[in-house]
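The lines below spell out each chain.
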Amino acid sequence: VFTAVAALIMDKAGRKILLIISGVAMAISTTAFGVYFYLTPPKPSMTLQSGLLLDVQTSAAPEPHLDLAWLALVSMAVFITGFAIGWGPIPWLVMSEIFPAKVRGVASAACVLTNWSMAFIITKNFQDMMGLLTSAGTFWLFASMCALNVVFTIAFIPETKGKTLEQIEDTFRGTAGP
């Protein structure tokens, strides 16, 4: 639903502002998700040893004073919404706008390959990250990456709203008019 909203408003609102809003929403939501994991004691896990199921004791974490399931749910909803209005659809559009016509196919293919390779690496290593950094630490790392993408967007992504492909190309050549 929010991807459709983004498609309807990105020409009016601008790609850059939607990417910034999206990145901020994703940073806030992953930070909150990290807080949820930090405040929620780990559940006891069961382990199999020599064919017997044994209960593994978890570290004695303080019980939270209130049920925090709402925080996890809201965090996930905000992340999905934020991603859907910006970092989900807009990079694919901006990618087609910022590359010159003569290299657009190869450059776009390189971007798609990089995107899916990084998605694979994150998915493959997620459980290892959770074990190494804890659940909270993993989501706080993701939040810091979202914050960095906001800084990157502000510093390096040009606004392409209302510009022709030729005007965008002129911007990168340094010959753009007023």
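Predicted model, so just to flag it, every value in this text is computed and none were measured. (Residues numbered from 1 in each chain as written. Predicted model: local features only at pLDDT ≥ 70, side-chain atom pairs only at ≥ 80, totals over all residues. Heavy atoms only, no water.)

1. A few points about the overall build of the chain
Phase 1 of the analysis: Across its full length, the chain holds six helices and two strands.
Phase 2 of the analysis: Relative to its full complement of 178 residues, the chain shows a buried share of 30%.
Phase 3 of the analysis: In the chain, once contacts between residues fewer than 6 apart in sequence are set aside, the share between residues at least 24 apart is 69%.
Phase 4 of the analysis: In the form shown here, the chain has an accessible surface area of approximately 11700 Å², with 72% of it arising from carbon and sulfur atoms. (Helix = DSSP H or I, 4+ residues; strand = E, 2+ residues; numbered from the N terminus. Buried < 20%, exposed > 50% of the residue type's maximum accessible area, 1.4 Å probe, protein only. Contact = heavy atoms within 4.5 Å. Areas by Shrake-Rupley, 256 points an atom, 1.4 Å probe, with all protein chains shown as cover.)

2. Observations concerning the nonpolar core
Phase 1 of the analysis: Ranked by size, the top nonpolar core spans ten residues in total: Ala32, Phe33, Tyr36, Leu68, Leu71, Ala72, Met129, Met130, Phe139 and Phe142.
Phase 2 of the analysis: Elements with a contribution of two residues or more to this core: helix H2 (15-39), helix H3 (69-87) and helix H5 (104-156).
Phase 3 of the analysis: Per element, the largest residue contribution to this core is four residues, and it comes from H5.
Phase 4 of the analysis: In contact with Phe142, not counting residues within four places along its chain, are Thr30, Ile122, Phe126 and Met129.
Phase 5 of the analysis: By size, the runner-up hydrophobic cluster in this structure holds eight residues, among which are Ala6, Met10, Leu19 and Ile157. (Core = buried A, V, L, I, M, F, W, Y, C linked by side-chain atoms within 4.5 Å.)

3. Quick notes on a nonpolar patch on the surface
Phase 1 of the analysis: Judged by side-chain polarity, Val1, Phe2, Val5, Leu8 and Ile9 come together as a nonpolar surface patch covering roughly 500 Å² of accessible area.
Phase 2 of the analysis: In this fold, Val5 is placed in helix H1 (residues 2-13).
Phase 3 of the analysis: For Val5, a relative accessible area of 32% puts it in the partly exposed group. (Patch = residues over 30% accessible without salt bridge, like charges linked within 9 Å, V, L, I, M, F, W, Y side chains within 5 Å. Salt bridge = Lys/Arg side-chain N within 4 Å of Asp/Glu carboxyl O.)

4. Observations concerning the packing of H1 against H2
Phase 1 of the analysis: Closest axis-to-axis distance for the H1/H2 pair is 7 Å, and the angle between their directions is 120°. In terms of axis orientation, H1 runs oblique to H2. Residue-level inspection shows Ala6, Ile9, Met10, Asp11 and Ala13 of H1 in contact with H2, the latter providing Arg15, Ile17 and Leu18.
Phase 2 of the analysis: Per-class residue counts for the contact of H1 with H2 are six nonpolar, no polar and two charged. (Axes fitted to C-alpha atoms, helices over the stretch in contact; angles between N-to-C directions. Parallel < 35°, antiparallel > 145°, perpendicular 65-115°, else oblique. Nonpolar A, V, L, I, M, F, W, Y, C, P; charged D, E, K, R; others polar.)

5. Remarks on the UniProt feature "transmembrane region" (unreviewed entry) in the chain
Phase 1 of the analysis: Under the feature "transmembrane region" (unreviewed entry), the UniProt entry names residues 17-39, 68-94, 106-126 and 138-157.
Phase 2 of the analysis: Secondary structure across residues 17-39 divides into 100% helix and 0% strand, with the first and last C-alpha atoms of the span separated by 33 Å. (UniProt positions renumbered as here; feature names shortened; annotations may be inferred.)

6. Looking at the pattern of salt bridges
Phase 1 of the analysis: Tallying each qualifying case throughout the model produces two salt bridges.
Phase 2 of the analysis: Residue Asp11 is joined to Arg15 by a salt bridge in which the shortest nitrogen-to-oxygen separation is 2.9 Å.
Phase 3 of the analysis: The exposure class of Asp11 is exposed, given its relative accessible area of 52%.
Phase 4 of the analysis: Of the charged contacts, one joins Glu97 and Arg15 as a salt bridge, the two residues approaching to 2.8 Å between their closest N and O atoms. Placement of the pair is Glu97 in helix H4 (residues 90-98) and Arg15 in helix H2, with a sequence separation of 82 residues. Summarising the burial analysis for this pair, Glu97 and Arg15 share the class buried.
Phase 5 of the analysis: When salt bridges that share partners are traced, they join Asp11, Arg15 and Glu97 into one network.

7. Examining the side chain of Asn149
Phase 1 of the analysis: Here Asn149 shows up in helix H5.
Phase 2 of the analysis: The contact partners of Asn149, leaving out residues within four places of it in the chain, are Gly23, Met26 and Trp87.

8. Considering the packing of aromatic side chains
Phase 1 of the analysis: Considering all chains together, one arrives at eleven aromatic pairs under this definition.
Phase 2 of the analysis: With a centroid separation of 5.2 Å and 70° between ring planes, the pair formed by Tyr36 and Phe37 is classed as edge-to-face.
Phase 3 of the analysis: Take Tyr36: its relative accessible area is 18%, and that puts it in the buried class.
Phase 4 of the analysis: Between the aromatic rings of Phe79 and Phe83, the centroid separation amounts to 6.4 Å while the plane-to-plane angle is 10°, which identifies the pairing as stacked. Taken together, the positions of Phe79 and Phe83, both in helix H3 and four residues apart, correspond to about one turn of that helix.
Phase 5 of the analysis: Put simply, the rings of Phe33, Tyr36, Phe37, Phe126, Phe139 and Phe142 touch in pairs and so form one group of aromatic residues. (Phe/Tyr/Trp six-rings, centres within 6.5 Å; stacked < 30°, edge-to-face > 60°.)

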